[in-house]
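# Observations on the model geometry
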Amino acid sequence: MALFFTDAEGNVFATIDASSPVPAGCTPLEAGATDAAQEKHVPVVDLQRDGHIVHATVGEVEHPMLEDHYIEWIALEADGRLEVHHLKPGQTPATFFAGGVKSGTVYAYCNLHGLWKKTF
């Protein structure tokens, strides 16, 4: 299971080693899995081509991608690896991962509302 941490400057760090200690000066991030906000944050996962492609979109209602409120990155944790795709304001809050996976966890990080996840 991936662990995420943030430091005083707002930088996010990740590890896939569940036994890793909290780095000095960092705070653990807890991922939300349900969302009652108007802007949806929980990733939506669509396995395509028998799991060889993982399509991840942030929110059942597309998350805004404004200069002051956007998804910074989407990550896939599966088979002992963590792959991160960075996004910028104005882009669609979605990405594709080449996988061949049947299960895993997709994480999304909102610059205002923090870390969110969907396990599939």
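Everything below is about the structure shown above.
So, here's what we can say about the structure. (Residues numbered from 1 in each chain as written. Predicted model: local features only at pLDDT ≥ 70, side-chain atom pairs only at ≥ 80, totals over all residues. Heavy atoms only, no water.)

## Examining the overall build of the chain
In terms of helices and strands, the chain carries zero helices and 10 strands. Starting at the N terminus and walking to the C terminus, you meet the elements of the chain as β-β-β-β-β-β-β-β-β-β. By its C-alpha atoms, the chain is 40 × 35 × 25 Å across when sized along the principal axes. Out of the 120 residues in the chain, the part that is buried amounts to 39%. The long-range fraction of contacts in the chain, counting pairs at least 24 apart against all pairs at least 6 apart in sequence, stands at 47%. Accessible area for the chain stands at about 6,700 Å²; split by element, carbon and sulfur atoms hold 51% of it. Taken together, the 7 basic and 16 acidic charged side chains of the chain have centroids lying 9 Å from each other. (Helix = DSSP H or I, 4+ residues; strand = E, 2+ residues; numbered from the N terminus. Buried < 20%, exposed > 50% of the residue type's maximum accessible area, 1.4 Å probe, protein only. Contact = heavy atoms within 4.5 Å. Areas by Shrake-Rupley, 256 points an atom, 1.4 Å probe, with all protein chains shown as cover. Lys, Arg positive; Asp, Glu negative; His and termini not counted. Charge placed at Lys NZ, Arg CZ, Asp CG, Glu CD.)

## Some points on the pairing of strand 4 (residues 43-48)
Direction of pairing for strand 4 relative to strand 5 (residues 53-58): antiparallel, over a ladder of six bridges. By the bridge assignment for strand 5, Gln48 is matched with Ile53. Between strand 4 and strand 5, which pair antiparallel and follow one another directly, the connecting turn spans four residues, one of which, Arg49, has a positive phi of 50°. (Pairing = 2+ DSSP bridges.)

## Considerations on the pairing of strand 5
Counting buried residues along strand 5, five of its six residues qualify, which places the element largely inside the surrounding structure. Where strand 5 lies against strand 8 (residues 94-98), five bridges are found, and the strand directions are antiparallel. Of the residues in strand 8, the one forming a bridge with Thr57 is Ala94.

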